[in-house]
Amino acid sequence: FLSVTEELVRRRAEHNNCEIFSLEEISLHQQEIEKLEHLDKWCRDLKILYLQNNLIPKIENVGRLKKLEYLNVALNNIERIENLEGCEELKKLDLTANFIGELSSIESLKCNIHLKELFLVGNPCTEFEGYRQFVVATLHQLKYLDSKEIERSERIRALQNYPEVKGKIREQEQAYLLKRAREKEEAQRRMQERKDEKQKKMDSNLGFDSPESPQEKPNHAEGDGEQERCKPVENDDEDRKFWEEPTPYTPESRLETHRYIEEKRRAKDNIR
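Residues numbered from 1 in each chain as written. Predicted model: local features only at pLDDT ≥ 70, side-chain atom pairs only at ≥ 80, totals over all residues. Heavy atoms only, no water.

## As for the overall build of the protein
Part 1 of the reasoning: Broken down by element type, the protein carries seven helices and seven strands.
Part 2 of the reasoning: Order of helices (α) and strands (β) in the protein, N terminus to C terminus: α-β-α-β-β-β-β-α-β-β-α-α-α-α.
Part 3 of the reasoning: A buried classification covers 36% of the 272 residues belonging to the protein.
Part 4 of the reasoning: Partitioning the intrachain contacts of the protein with sequence separation of at least 6 by distance along the chain shows that 47% fall at a separation of at least 24.
Part 5 of the reasoning: Split by element, the accessible area of the protein, about 16,400 Å² in all, is 50% carbon and sulfur. (Helix = DSSP H or I, 4+ residues; strand = E, 2+ residues; numbered from the N terminus. Buried < 20%, exposed > 50% of the residue type's maximum accessible area, 1.4 Å probe, protein only. Contact = heavy atoms within 4.5 Å. Areas by Shrake-Rupley, 256 points an atom, 1.4 Å probe, with all protein chains shown as cover.)

## Some remarks on the pattern of salt bridges
Part 1 of the reasoning: For the coordinates displayed, the defined rule picks out 22 salt bridges.
Part 2 of the reasoning: Note that Asp45 is salt-bridged to Lys67, the shortest N-O span being 3.0 Å. Note that Asp45 is positioned in the loop between helix H2 (39-42) and strand S2 (48-50) and Lys67 in the loop between S2 and strand S3 (70-72), a separation of 22 residues in sequence.
Part 3 of the reasoning: Judged by relative accessible area, which is 23%, Asp45 ranks as partly exposed.
Part 4 of the reasoning: Assessed through its relative accessible area of 41%, Lys67 is described here as partly exposed.
Part 5 of the reasoning: Linked through salt bridges whose partners overlap, the residues forming this network are Glu79, Lys179, Arg180, Glu183 and Glu252. (Salt bridge = Lys/Arg side-chain N within 4 Å of Asp/Glu carboxyl O.)

## As for the packing of helix H3 (residues 131-138) against helix H4 (residues 152-160)
Part 1 of the reasoning: Closest axis-to-axis distance for the H3/H4 pair is 8 Å, and the angle between their directions is 100°. As far as their axial angle goes, H4 and H3 are roughly perpendicular. Where H3 approaches H4, its residues Arg132, Gln133, Val136 and Ala137 are matched on the opposing element by Glu154, Arg155, Ala158 and Leu159.
Part 2 of the reasoning: Broken down by class, the residue content of the contact of H3 with H4 amounts to four nonpolar, one polar and three charged. (Axes fitted to C-alpha atoms, helices over the stretch in contact; angles between N-to-C directions. Parallel < 35°, antiparallel > 145°, perpendicular 65-115°, else oblique. Nonpolar A, V, L, I, M, F, W, Y, C, P; charged D, E, K, R; others polar.)

## Some thoughts on the sheet that holds strand S1 (residues 25-27)
Part 1 of the reasoning: Read from one edge to the other, the open sheet built from seven strands follows the order S1-S2-S3-S4-S5-S6-S7, with strand pairing classed as mixed. One side of each edge strand has no neighbouring strand; the edge strands of this open sheet are S1 and strand S7 (148-149).
Part 2 of the reasoning: Bridge count between strand S4 (residues 92-94) and strand S5 (residues 117-119): three bridges; the pairing is parallel. Its bridge partner being in S5, Asp94 is matched across the sheet by Phe119. (Pairing = 2+ DSSP bridges.)

## Topic: the packing of aromatic side chains
Part 1 of the reasoning: Inspection of every chain in the model, using the stated rule, returns four aromatic pairs.
Part 2 of the reasoning: Both rings, one in Phe99 and one in Tyr249, keep their centres 5.1 Å apart while their planes meet at 45°; by these two values the pair is tilted. With a gap of 150 residues between them, Phe99 in the loop between S4 and S5 and Tyr249 in the loop between helix H6 (221-244) and helix H7 (251-271) connect regions that are remote in the sequence.
Part 3 of the reasoning: With a centroid separation of 6.4 Å and an interplanar angle of 65°, the aromatic rings of Phe128 and Tyr176 are classed as edge-to-face. Residue Phe128 is found in the loop between S5 and H3, and its partner Tyr176 is found in helix H5 (residues 162-206); the two are separated by 48 residues along the sequence.
Part 4 of the reasoning: The ring of Tyr70 has Lys92 sitting right over it, with the charged end atom 4.6 Å from the ring centre. (Phe/Tyr/Trp six-rings, centres within 6.5 Å; stacked < 30°, edge-to-face > 60°. Lys NZ or Arg CZ within 6 Å of the ring centre and 35° of its normal.)

## Regarding the nonpolar core
Part 1 of the reasoning: Counting residues in hydrophobic clusters, the biggest one holds 52 residues, and the most contacted among them are Leu49, Leu84, Leu95, Leu103 and Leu118.
Part 2 of the reasoning: Mapped onto this core, the elements with two or more residues apiece are helix H1 (6-11), H3 and H5.
Part 3 of the reasoning: Ranked by the residues each element gives to this core, the list is headed by H3, at five residues.
Part 4 of the reasoning: Among residues more than four places away in sequence, those in contact with Leu103 are Leu120, Cys125, Phe128, Tyr131, Phe134, Val135, Ile169 and Glu173. (Core = buried A, V, L, I, M, F, W, Y, C linked by side-chain atoms within 4.5 Å.)

From the geometry alone we can't say anything about function, so treat these as descriptive.
The following block contains the structure:
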């Protein structure tokens, strides 16, 4: 997997003379990052951190960024809100278009007393009945949720119905988590199938599945060109199968698509 490297951080710190220790703002969006690490050691003064459109599955290793005011992790593979308690100055958190279904994990943000803006639009939890009421009643410090201002009257109403709404949210959350467990199993099965298929193809190309011994094999010199010509067609079929197969939109499918494209790109580079 790709993680945050010192070289990447220095490259993105041009505006700070490539000095990373005193860095206050950094943009690491669209870097195919799959693991969030090191920043809380290297850039302790960070106030603004852009990490949108990566493949990050978990919020981690940012808890020591005590000065962090704005964290943007939109369009990643995050499934729950966690490990932000140490970000004492956090004012704005953007989690747009992730995979958060564990809505009760927002309770961990109660410690972030300066948090004024939260974006959860495009997450599965926003489909839950009572979603907005639950967030408004849980996080008293919030002023805006999904760009919409929280009026005092809205908060009062949300607090009045809190126990009932909380119960409903827990039920929907449990149903969602069961669905996610099934999706993970399915993704695992699909990955294994692809691996087996690939192995079969490799064995077939190497002739392991042929009953002929090397001595008995006829000279295929003429036919080789034909075989080579068939390969792009084979690849086209594989491509078509991959893109046309109906797949739910999940962190696993997003990662699988990314890896598939990478594989194809590398194969193309090797041909060149």
